[in-house]
Amino acid sequence: MTALPEGAAAWAMLALAAVLVGIAKTGFSGMGSLPILLFATVLPAKESTGALLPVLILADLFAIRFYSRHVEWRVLARLAPWVVVGTVVGAVVLWFVDDTLMRLLIGAILLVMLAIQVWNRVRPKAVDPEPPSGLARRSAAAGAGVAAGATTMMANAAGPVMVLYLMLSGFPKLRFLGTMAWFFFAVNLFKVPFSVGLGLISWHTLLMAALLIPAVAVGALLGRAVVDRVNQRQFEIATLVLSGVGAGLLVLSAL
């Protein structure tokens, strides 16, 4: 059971992580890997995933409040069954795999996906590209859904997976943020029974999240203010760069 951390330095790191969670949810999703590392520094790695989950849900509520009108429900419906499969897989893996191997696997997967996204941007484009077929869309949704479900269950690290999937879908900034907000709110709520069953959420973690509400609110407001001041291209570049940095840090933390 996760105990409340002791010392001003530990709480300062948790508060910084909560601010970054707020920014990631309402501004730059690629920043979401950094709070994972901060929580895992203060708390045992597996327990930190349960402690972070209520903080994420609080930040999801801010994101829904800001961007609820800009959601693509068809995409969420396409992903939903595959996310359920991935979450179950992630829960099983979390039960058996140690913390170090788990972080290494997640970070490696995210770096591979980032490389694919970068290649998609720099490769020569066809003059008259054909739209993806129904089978291609379903296959992409299946892969992204399973990967997102598994990585979010294991380490709350599905942000970069969804960043790449939605950017490949060509979503504009606000629709991207609104769809991300509802996706993660639903997924994080779905994860709660699994985390409770694994002993990762307790009254201590809920109290910790409650104490961090002001920091989450500050981050959410900062993220909203920043995203209103950047254009689509700047938003995409910043999100991809932060996704790459976060994925790289996950790998380095496991070495």
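Going along each chain's sequence as written, the residues are numbered from 1 onward. Local features in this predicted model are restricted to residues whose pLDDT is 70 or higher, and side-chain atom pairs enter the listing and the counts only when it is 80 or higher, whereas totals over whole chains, interfaces and linings include all residues. Working from all heavy atoms in the structure, the side-chain values ignore hydrogens and water.

(A) Molecular detail of the side chain of Lys 191. Tracing the chain through its elements places Lys 191 in helix H8 (residues 173-197). This buried residue, Lys 191, is left without a salt bridge; Asp 60 holds the nearest opposite charge, at 8.0 Å. When checking whether two residues touch, look at their non-hydrogen atoms; a contact exists if any pair is within 4.5 Å. Once residues within four sequence positions are removed from consideration, Lys 191 is found in contact with Leu 53, Thr 87, Thr 152, Met 153 and Asn 156. The helix and strand labels rest on DSSP assignments: H or I over at least four residues marks a helix, E over at least two residues marks a strand, and numbering proceeds from the N terminus. Only protein chains enter the accessibility calculation, which uses a 1.4 Å probe; a residue whose area is less than 20% of its type maximum is buried, one above 50% is exposed, and one in between is partly exposed. When charges are counted, Lys and Arg are positive and Asp and Glu negative, with His and the chain ends excluded. Every case where a carboxyl oxygen of Asp or Glu lies within 4 Å of a side-chain nitrogen of Lys or Arg is listed as a salt bridge.

(B) Examining the packing of helix H1 (residues 8-26) against helix H3 (residues 45-67) more closely. For helices, the fitted axis covers only the stretch in contact; all axes are lines through C-alpha atoms, and the angles between them, taken along N-to-C directions, range from 0 to 180 degrees. With their axes 9 Å apart at the nearest point, H1 and H3 run at an angle of 35 degrees to one another. In the crossing of H1 with H3, the sense of the turn from one axis to the other is right-handed. Residues Ala 18, Val 21, Gly 22, Lys 25 and Thr 26 of H1 pack against Leu 52, Val 55, Leu 56, Ala 59, Asp 60, Phe 62, Ala 63, Phe 66 and Tyr 67 of H3. Residues are grouped as follows: Ala, Val, Leu, Ile, Met, Phe, Trp, Tyr, Cys and Pro are nonpolar; Asp, Glu, Lys and Arg are charged; every other residue, Gly included, is polar. Residue composition of the contact of H1 with H3, grouped by class: 10 nonpolar, two polar and two charged. Left-handed describes a crossing whose near helix is turned anticlockwise from the far helix by less than a right angle; the clockwise case is right-handed.

(C) Expanded view of H3. By definition here, a helix of n residues has an expected span of 1.5 Å times n minus one. The end-to-end C-alpha distance of H3, which contains 23 residues, comes to 31 Å, matching closely the 33 Å that a straight helix rising 1.5 Å per residue would cover. In this scheme, the bend at a residue equals the angle between the axes fitted to the seven residues that finish there and the seven that begin there. Of all the bends in H3, the greatest reaches close to 25 degrees and is centred on Leu 52; the proline Pro 54 follows between one and four positions later. Burial within H3 is extensive, with 17 of its 23 residues counted as buried.

(D) Seen up close, the nonpolar core. Among buried residues, those of type Ala, Val, Leu, Ile, Met, Phe, Trp, Tyr and Cys that are joined through side-chain atoms within 4.5 Å constitute a nonpolar core. Judged by nonpolar contacts, the single largest core of 32 residues is most densely connected at Leu 79, Met 162, Tyr 165, Leu 166, Phe 176 and Phe 183. At the level of secondary structure, the elements contributing two or more residues to this core comprise H3, helix H4 (73-96), helix H6 (134-155), helix H7 (159-168), H8, helix H10 (213-227) and helix H11 (232-254). The leading source of residues in this core is H7, at seven residues. The contact partners of Met 162, leaving out residues within four places of it in the chain, are Leu 79, Ala 148, Met 180, Phe 183 and Phe 184. One finds Leu 14, Leu 20, Met 31 and Ala 51 within the second-largest nonpolar core, a separate group that totals 25 residues.

(E) Broad picture of the layout of surface pockets. Taken as a whole, the second largest pocket spans an internal volume of roughly 180 Å³. Lining the second largest pocket, in full, are Trp 73, Leu 76, Ala 80, Val 83, Val 84, Trp 182, Phe 183, Ala 186, Val 187 and Phe 190. Taken together, the elements giving at least two residues each to the lining of the second largest pocket come down to H4 and H8. Looking at the lining of the second largest pocket residue by residue, the class counts come to 10 nonpolar, no polar and no charged. Whether a set of points on the 1 Å grid over the protein atoms alone is a cavity depends on a 1.4 Å probe fitting there but being unable to get out, while an open set qualifies as a pocket with protein on both sides within 12 Å along at least five of seven lines; lining residues are those with an atom within 4 Å of a point. Grid points are joined across faces, edges and corners, and a volume is the space filled by probe spheres set on the points.

(F) Focus on the packing of aromatic side chains. Aromatic pairing here means that ring centres of Phe, Tyr or Trp (its six-membered ring) are within 6.5 Å. Orientation follows from the plane angle: under 30 degrees is stacked, over 60 is edge-to-face, and everything else is tilted. All told, the structure shown has five aromatic pairs when counted by the stated rule. Ring geometry for Trp 73 against Trp 182: centres 5.4 Å apart, planes inclined by 50 degrees, an arrangement best described as tilted. In this pair, Trp 73 is assigned in helix H4 and Trp 182 in helix H8, connecting sequence segments 109 residues apart. For the ring pair Phe 183 and Phe 184, a centre distance of 5.0 Å and an interplane angle of 90 degrees mean the geometry is edge-to-face.

(G) Summary view of the UniProt feature "transmembrane region" (unreviewed entry) in the protein. UniProt positions are given in the numbering used here, feature names are shortened, and annotations may be inferred rather than shown by experiment. Under the feature "transmembrane region" (unreviewed entry), the UniProt entry names residues 12-39, 51-67, 79-97, 104-120, 174-194, 200-223 and 235-254. Taken end to end, residues 79-97 has its terminal C-alpha atoms 26 Å apart, with 95% of it in helix and 0% in strand. The straight-line gap between the two end C-alpha atoms of residues 174-194 is 31 Å; of that span, 100% is helix and 0% is strand.

(H) Representation of H7 in the model. Burial of H7 is extensive: nine of the 10 residues sit out of reach of the surface. Of the residues one or two after H7, Gly 170 is the one with positive phi, at around 75 degrees.

(I) Structural detail: the pattern of salt bridges. Scanning the model with the defined rule gives three salt bridges in all. Here Asp 60 and Lys 25 are joined by a salt bridge, their closest N and O atoms 2.8 Å apart. With a gap of 35 residues between them, Asp 60 in helix H3 and Lys 25 in helix H1 connect regions that are remote in the sequence. Each member of the pair Asp 60 and Lys 25 is classed as buried. Between Arg 74 and Glu 72 there is a salt bridge, with its nearest N and O atoms 3.1 Å apart.

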